[in-house]
Every structure is written in C-alpha cells, then in structure tokens.
Protein chains: 2
Amino acid sequence: MRFLIKFSYDGTRFNGFQAQKNQRTVEEKMNEALTQVNNGKKTCITATGRTDKGVHALAQYGHADINVEINERQLKRALNSFLPDDIHVIETREVDDDFHARYDAKGKTYRYIMNLGEYNPMERNYAFQYNYDIDVEAMRKAIRYFEGEHDYRAFVTENKEKENCVRSIFYTNIDEEDDKLIIEFEGNGFLRYQVRNMVGYLIKVGEGKATPESVVEVLESLDRTKSGKTAPAQGLYLVDVEF
Amino acid sequence: MRFLIKFSYDGTRFNGFQAQKNQRTVEEKMNEALTQVNNGKKTCITATGRTDKGVHALAQYGHADINVEINERQLKRALNSFLPDDIHVIETREVDDDFHARYDAKGKTYRYIMNLGEYNPMERNYAFQYNYDIDVEAMRKAIRYFEGEHDYRAFVTENKEKENCVRSIFYTNIDEEDDKLIIEFEGNGFLRYQVRNMVGYLIKVGEGKATPESVVEVLESLDRTKSGKTAPAQGLYLVDVEF
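What counts, and where the lines are drawn
- Residues numbered from 1 in each chain as written.
- Chains lettered and ligands numbered in written order.
- Predicted model: local features only at pLDDT ≥ 70, side-chain atom pairs only at ≥ 80, totals over all residues.
- Heavy atoms only, no water.
- Helix = DSSP H or I, 4+ residues; strand = E, 2+ residues; numbered from the N terminus.
- Rg over C-alpha atoms; globule rule 2.2 N^0.38 Å.
- Contact = heavy atoms within 4.5 Å.
- Areas by Shrake-Rupley, 256 points an atom, 1.4 Å probe, with all protein chains shown as cover.
- Lys, Arg positive; Asp, Glu negative; His and termini not counted.
- Charge placed at Lys NZ, Arg CZ, Asp CG, Glu CD.
- Phe/Tyr/Trp six-rings, centres within 6.5 Å; stacked < 30°, edge-to-face > 60°.
- Buried < 20%, exposed > 50% of the residue type's maximum accessible area, 1.4 Å probe, protein only.
- Least-squares fit on C-alpha atoms with pLDDT ≥ 70 in both.
- Expected span 1.5 Å × (residues − 1).
- Pairing = 2+ DSSP bridges.
- Domains from an automatic or database assignment.
- Buried area = accessible area lost by both parts, 1.4 Å probe.
- Salt bridge = Lys/Arg side-chain N within 4 Å of Asp/Glu carboxyl O.
- Polar contact = N/O pair within 3.5 Å; in protein donor to acceptor, adjacent residues only side chain to side chain.
- Nonpolar A, V, L, I, M, F, W, Y, C, P; charged D, E, K, R; others polar.

Draft legend 1. Structural detail: the overall build of chain A. Counting its regular elements, chain A contains five helices and 10 strands. Taking 243 residues into account, the globule formula puts the C-alpha radius of gyration at 18 Å, and chain A, at 19 Å, falls close to it. Dimensions of chain A, computed from C-alpha atoms along their principal axes, come out at roughly 60 × 40 × 30 Å. Taking as baseline every contact in chain A between residues at least 6 positions apart, the subset at least 24 positions apart corresponds to 70%. For chain A, the exposed surface amounts to about 11,600 Å²; the carbon and sulfur share of it is 43%. Treating the 34 positive side-chain charges of chain A as one cloud and the 41 negative ones as another, the clouds have centres 6 Å apart.

Here is the structure:
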C-alpha cells in the first residue's frame, strides 16, 4: 500500500533534507522510521522536494510503500513513535499505487520570516534576525514583479547551464505582524536557493540599494551576479504543497 | 556607576539562571560578559530573580557596577558582543548607587504557553506541547481564584517550612490565539515552581478532574500534595518586571 505522508520538521539540527553519509538528515530519519514500521524491510520516502540546511517545514510531503497491515491513524502514530522530536508526522493518507509525491505536486508555498525589531534569542533559529527598520512599501512593490512565468536563472544558486529555470509564481504577499515581516511565495516549483535569493533582493530594495522596478531587469539578465545576497536559511519555511 | 540591565534569554540550553559549578547558566554568562566589559575586574549581576532550567525570559533584569567609562548604548553593544546568541541585552540604564534589582522590583509578569493543536517541532522548546483539546472556560473560571493576597504554600515546590509564602496576584488572563493558550499572571512576586504548579492545577480543571472552585480549598489547605503536577518548563516565560 502506498501512503502519502504529511510531516513537519525543525531544520535547525538537520544537515538539510537529503540523505548524506555521516550527516543527520530528515530523509535518513524518515527512512529509518518507515523501515521500522515496515517490519525491517528497507523503506524509503520519496519527498515532494528537498529543503536546505536550517530550513523548516510546516508541511512537507512524501510517499512510501508499506507492506504490513496498517491503517492511516496507526501509521501516523507508529512513525511518530520512532521519529526524533524535531520531526512530526501530521497526517497519512492511503493513495493509489501510481501516486507520486514529486510528479503530482502542482504548487508549493514558501514563507520567509524576518524580525525587524529587537534581536530575539528564542527565535534565532526561526526567523532572520534582521533587527533594523526597512522600507516595506518598496518591498511590496518589488515582490509583484516576481509574479507570473519567468526564467528565474538570475535567482538560482548552483546553476546548471542546461537546467530549465522557467517557473511560475502564482501569488506573493508581504504581511507585517508586530515586528515581523512575513513574505510569502506560491508557485508551481522553486529552484535551489530561489526563495532565499528573491528575499535577498527584496531586502536590497528595502534598504534603498535597488529600485522595485529593477527586479524586471535582473530577471531578464539571467545573470546570478546581478541579484545579490542569499537570505539566511533560518527564516525560511516550506508551508504547504498542493496536489 | 550602577546600571540596570534588561535582557532576554532562551532557557533551552541553560541549566537555569543561577550560577553552579560546571553548568552552563545565564548568570555565569552575564558575569563573564560584565567582567570583560569591566576591564577584567570580576563583576557580577544581581538579578531580580532566578528562573529554572528550560524557562525563558522576554525581559529579565539585573544591576551591576561598572567602573570603566561607558554610556548606556555602548554598554548594551559591548555586552551583546561578549554574550552567546541565546542571551541578549535589550537595554541598559544608569541608576542610583542604591538601586537594587531585587529589592526594588514591585511586580512581575509571567506567561505560560500551551499548544492545544498538532505537535509543532519548531515550538517543542517554546510551548508546552499539550496537543489536546481542553475546557478553556473552566480554566478561565479557575484562574480568577488565584487573584488577590494568598498563602500560596500549596503551589510551592521545595517548601521550606518557615518561608513566608504569602504573595499577591494582581491580574490573571487566559487568551486563545489559533491553537495556543496564553496564560498570564501578574503579581508582586512568585515562589519556586509556583506558576508552573498553578498552571498544572488549571490543566487539571481543564481536564475536568477538579472544579474551578476547588482552587479555593487547595489554597486554604496549604498542602502541596493537594495541588498536582508541575507544568513543563518550556512553556514558561518571564515577561516583564515592574520597578
């Protein structure tokens, strides 16, 4: 039986999602828990996507094939009993055998949190501690230019020359809550570091070092050196995936 | 010159506030930073109060005497440059030489955060992951009985027989924000584990295992065995101190 598994994790103590030798990763911990549930038969998760070191997930998804007799509630409970306290299975759902967590994903939402106020030690791993004022209105103007279908090559780190970097962003938003800036992007897919590089550019705009309209030029340049700094990982959350 | 120092900390990695041999404590880190600022002269902080292992502070206060020429802004910056990333000086203020951070404190506010919703790995150290429904209205009725001047002996752990346990609670409140329950107490002083024991009793009421009115009997019994479990440390925050 194939199950779709919805899970959350705190990225702080993981060396990213993807399994690597001698590193603590989310994928490794999920595979270990799945294998235990599946009576010791080596079982792997196929996730919707990866997240980088320090990035959090409010809802990440993956599918796995389980051969033992188990229902959705039991699977959730069993996985949580084997997982460490920084990963949590929220829900499991039985799906068709041809369901695929990566190929069937239609959209993803990412959130980036910046603290503009006083440094907060409790949130040092859960928001970018920017700790200064910034021109939020300029950032609001700039973020609109990321919407639509574009070649996002200029905002992708570790660019492989031949990789297709055309993606669509359906929705963007910037909210202010107390001293927090909450930046959201919803799109059909995001490339490596793309969200953090877009946020890095928004910060440049918010600091008056670039105009909101310049986003268009940078996008069109297809040149990574034109965009700017990558915003730190700890502010980034994978919020949800649509299938 | 005596300075009043307002600071915050994440209690997760500290073995409480109070300095102890071979333990990482907030007091030890503050004393080390103060000593460095004070040109190597051993300098100690006198805090308003202690917090236990795992308890956080949004605003803790202490005074210290600094002999080097330094102003308020410089002192804040210098201390923060020496402190680890889980302690942060928010503000410093020059005060009279007879000011005392403990004796001059008139009131303290504590907050306790419970997550009634799904387990959240990002908040496992920052809220009690209760993860069930609870009768909030019963808790709201119960918390009122803690207000006023009482002998809180029944809610104090490690009770010294002769210690005076009479304190006043000026204000209590329970707010709901999404799946969070935010419980606040403001009073002239709190005894060891008092807030966590009061919250433990509120949970008992919220679970229907005690009536809201029974708070009165327990208070009057002066008997620790009548109150119940101590709520976990990670939900507790020292929010502010009034002078």
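Draft legend 2. Just the packing of aromatic side chains, in detail. Residues and elements named next belong to chain A. Enumeration according to the criterion identifies 23 aromatic pairs over all chains in this entry. Residues Phe7 and Tyr9 carry aromatic rings whose centres are separated by 6.0 Å and whose planes lie at 35 degrees to one another, so their mutual orientation is tilted. Residue Phe7 shares its accessibility class with Tyr9, and that shared class is buried. Note on Phe155 and Tyr201: the rings are 5.9 Å apart at their centroids and 85 degrees apart in plane angle, and the pair reads as edge-to-face. Taken together, the positions of Phe155 in the loop between β7 (148-151) and β8 (166-177) and Tyr201 in helix α4 (residues 194-206) put the pair 46 residues apart, joining distant regions of the chain. Taking the relative accessible area as the measure of exposure, Phe155 reaches 0% and is therefore buried. Counting every residue linked through ring pairs, the aromatic cluster contains Phe146, Phe155, Phe185 and Tyr201.

Draft legend 3. Spatial organisation of unusual backbone geometry. Residues and elements named next belong to chain B. Within the chain, Asn131 stands out as a residue other than glycine whose phi angle is a positive 65 degrees. Residue class for Asn131 comes out partly exposed when judged on its relative accessible area of 23%. The backbone phi angle of Asp178 is positive, close to 55 degrees, even though this residue is not glycine. Looking at the element boundaries, Asp178 is found in the loop between β8 (166-177) and β9 (180-187).

Draft legend 4. Fine view of the relation of the copies chain A and chain B. Superposition record for chain A on chain B: RMSD 0.0 Å, screw rotation 180 degrees, translation along axis 0.0 Å. Here the two chains are linked by the operation of a two-fold rotation axis. Rotation axis and chain A: the residue whose C-alpha lies nearest the axis is Glu123 of chain A, separated from it by 5.0 Å. When the interface residues of chain A are mapped onto chain B, 100% of them again fall at the interface, so both copies present the same face.

Draft legend 5. Layout of helix α1 (residues 26-37) of chain B. Residue and element names in this part refer to chain B. Over its 12 residues, α1 extends 17 Å from the first C-alpha to the last, a length consistent with the 16 Å expected when each residue adds 1.5 Å. With respect to burial, α1 is a largely interior element, nine of its 12 residues being buried. By the burial criterion, the buried members of α1 are Val26, Glu27, Lys29, Met30, Asn31, Ala33, Leu34, Thr35 and Val37. Where α1 is buried, its residues touch β1 (2-9), β3 (56-65), α2 (72-82) and β4 (87-95). Positive backbone phi, at 60 degrees, marks Asn39, one or two positions downstream of α1.

Draft legend 6. Up close: the pairing of strand β1 (residues 2-9) of chain A. Residues and elements named next belong to chain A. Burial analysis of β1 places seven of its eight residues in the buried class, which makes it a mostly covered element. Summarising the sheet, β1 and strand β4 (residues 87-95) pair through eight bridges and their orientation is antiparallel. When the bridges of β4 are listed, Phe3 appears paired with Glu94. Two elements, β1 and strand β3 (residues 56-65), share seven bridges in a ladder whose sense is antiparallel.

Draft legend 7. Fine view of the domain arrangement of chain A. Residues and elements named next belong to chain A. Domain parsing of chain A yields domain 1 (2-95) and domain 2 (107-242). Computed from C-alpha coordinates alone, the two centres of domain 1 and domain 2 are separated by 27 Å. At the interface, 16 residues of domain 1 touch 16 residues of domain 2. Buried surface at the junction of domain 1 and domain 2, summed over both partners, amounts to about 1,300 Å²; 55% is from carbon and sulfur atoms. It is Asp52, His56 and Leu58 in domain 1 that bury the most area against domain 2; as a group they hold 42% of the surface buried on that side. Where domain 1 meets domain 2, there are one salt bridge. The shortest N-O distance in the salt bridge between Asp52 and Arg192 comes to 2.6 Å. Linking domain 1 to domain 2 there are nine residue pairs in polar contact (both at pLDDT 80 or more). Within the side of domain 1 that touches domain 2, the residues separate by chemical class into five nonpolar, seven polar and four charged.

Draft legend 8. Molecular detail of the environment of Tyr132 of chain A. If you trace the backbone, Tyr132 of chain A turns up in the loop between β6 (128-129) and α3 (136-144). For Tyr132 of chain A and Asp179 of chain A, which are 47 residues apart along the polypeptide, the C-alpha to C-alpha distance reads 9.7 Å.

Draft legend 9. How the structure looks around the interface of chain A and chain B. Each side of the interface is counted separately: chain A has 21 residues, and chain B has 21 residues. In total, chain A and chain B occlude about 1,600 Å² of area from one another, counting both sides; carbon and sulfur atoms represent 57% of this. Looking only at chain A, the three residues that lose the most surface to chain B are Glu118, Met122 and Arg124 of chain A, adding up to 38% of its buried area. Where Lys76 of chain B meets Glu118 of chain A, a salt bridge forms, and the shortest distance between an N and an O atom there is 2.6 Å. Where chain A touches chain B, the interface holds 10 residue pairs in polar contact (both at pLDDT 80 or more). Residue assignment for the side of chain A that touches chain B shows that the elements contributing at least two residues are β1, β3 and β4 of chain A. In terms of residue count, the dominant contributor to the side of chain A that touches chain B is β4 of chain A (four residues).

Draft legend 10. Inspection of the pattern of salt bridges at higher detail. Overall, the coordinates contain 34 salt bridges over all chains when judged by the stated rule. Where salt bridges share partners, they join Asp10, Arg13, Arg24, Asp85 and Asp86 of chain A together with Arg124 of chain B into one cluster.

Draft legend 11. Just the environment of Glu220 of chain B, in detail. By the secondary structure assignment, Glu220 of chain B is in helix α5 (residues 214-221). Separated by 100 residues in the primary sequence, Glu220 of chain B and Asn120 of chain B have C-alpha atoms spaced 38 Å apart.

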